[in-house]
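# Structural overview for review
One letter stands for each residue in the lines below.
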Amino acid sequence: LVTIERVRVLAEGAAALAVYGTPGEPCGVLDIGWHTADVAWFDRNGKIVRDKSGSMSRVGMERVGEILSSNFRRQHGRLLHADEVALIFDRFVAGEYFTTIYHSGKCPVSADDVKAAIRGVAASLENFLMLKWGGKDGSVAADASVVLLIGGGPLSMKSSFRLSVS
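A short tour of the structure in this document, coming up. (Residues numbered from 1 in each chain as written. Predicted model: local features only at pLDDT ≥ 70, side-chain atom pairs only at ≥ 80, totals over all residues. Heavy atoms only, no water.)

## As for helix α2 (residues 61-76)
To keep things clear, this is the line we draw: Here a helix means four or more residues in a row that DSSP labels H or I, a strand means two or more in a row labelled E, and each is numbered from the N terminus. What a helix is expected to span follows from its residue count: subtract one and scale by 1.5 Å.
Along its 16 residues, α2 runs 22 Å from first to last C-alpha, staying within 8% of the 22 Å computed at 1.5 Å per residue. Positive backbone phi, at 90 degrees, marks glycine 77, one or two positions downstream of α2.

Shown next as structure tokens:
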């Protein structure tokens, strides 16, 4: 399990490392954005380790919105508009359980719907992290002093990870 204790939104991995990393200790940075997720691994000297770093497309919040939109179309006959997806995300982050979308009447989208879409995207991301940061014993990032979760996606995705950082 990735145990997420705090979420702060920062734009860049290097800035996150400088502010929240521990000098002289290895550190991972997971940056979940709108289109992609980027991972970077920094060694004890603060240098990036290329084979433990990379980028994965279609695992950002845009993909979560696509899943929600596809589900909405299946239930109500049309895709969600971009402003509706943004509204759903805003209300989800604010802790509201339902977002009402209007299409031939009220069409509620629940927080459970959002969580299910996030879990689908998070599963792909977990596999990527296992590939990049996985240990022979099945652990993930166990040799990091800290893993920093940054970007625009963490506010929505923080409760959806099941990986373990020891």
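## A look at the packing of aromatic side chains
The criterion, for reference: A pair of aromatic rings is counted whenever rings of Phe, Tyr or Trp (Trp by its six-membered ring) have centres within 6.5 Å, and the orientation is called stacked for planes under 30 degrees apart, edge-to-face for over 60 and tilted otherwise. With a 1.4 Å probe rolled over the protein chains alone, any residue whose accessible area is under 20% of its type maximum counts as buried; one over 50% counts as exposed, and the rest are partly exposed. For a lysine, the NZ atom is tested; for an arginine, the CZ atom; a charge sits over a ring if that atom is within 6 Å of the ring centre and within 35 degrees of the ring normal.
Summed over the entire model, instances satisfying the criterion amount to 3 aromatic pairs. For the ring pair tryptophan 34 and phenylalanine 89, a centre distance of 6.1 Å and an interplane angle of 80 degrees mean the geometry is edge-to-face. Here tryptophan 34, found in the loop between β1 (27-32) and β2 (36-42), pairs with phenylalanine 89, found in helix α3 (residues 82-93); they are 55 residues apart in sequence, far enough to count as distant. When its relative accessible area of 43% is taken as the criterion, tryptophan 34 is described as partly exposed. By relative accessible area, phenylalanine 89 is classed as buried at 8%. For lysine 52, the ring lying beneath its charged end belongs to tryptophan 41, and the centroid distance is 4.3 Å.

## Observations regarding α3
To be explicit about the condition: Regarding the arc, it is the one traced by the directions from the helix axis to the C-beta atoms.
Its 12 residues place the ends of α3 17 Å apart at the C-alpha level, agreeing with the 16 Å of an ideal helix rising 1.5 Å per residue. By the burial criterion, the buried members of α3 are Glu84, Val85, Ile88, Phe89 and Phe92. Taken around the axis of α3, the buried residues stretch over an arc of 140 degrees, which confines them to a single face. In α3, the exposed residues that point more than 90 degrees away from the buried face are Ala82, Asp83 and Asp90. In the stretch just after α3, glycine 95 is the one whose phi turns positive, near 90 degrees.

## As for the sheet that holds β1
Our working rule: Two strands pair if DSSP finds at least two bridges between them. An axis is simply a line fitted to the C-alpha atoms; with a helix, the fit covers only the stretch in contact. Between two such axes, the angle follows the N-to-C directions and lies from 0 to 180 degrees. Contacts: residue pairs with any heavy atoms within 4.5 Å of one another.
Taken together, 4 strands build an open sheet; the order of strands is β3-β2-β1-β6 and the sheet is mixed. Both outer strands of the open sheet, β3 (54-57) and β6 (146-150), are each paired with one neighbouring strand and no more. Each strand of the sheet is rotated relative to its neighbour by a mean of 15 degrees, with strand direction disregarded. Where β1 lies against β6, 5 bridges are found, and the strand directions are parallel. By the bridge assignment, valine 29 is partnered in β6 with leucine 148. Sheet contacts for helix α4 (residues 111-133): β1, β2, β3 and β6; angle to β2, the most-contacted strand, approximately 25 degrees.

## Let's talk about the nonpolar core
Nonpolar side chains in soluble globular proteins generally cluster together in the buried interior. Selection criterion: What makes a nonpolar core is a set of buried Ala, Val, Leu, Ile, Met, Phe, Trp, Tyr and Cys residues whose side-chain atoms join them at distances within 4.5 Å.
Grouped together as the largest cluster of nonpolar side chains are 32 residues, with contacts concentrated most on Leu30, Val64, Leu68, Leu80, Ile88, Leu125 and Trp133. Counting residues per element, the ones that place at least two in this core are β1, β2, α2, α3, β5 (106-110) and α4. Beyond its immediate stretch of four places on either side in the chain, valine 64 contacts Phe89, Ala117, Ile118 and Val121.

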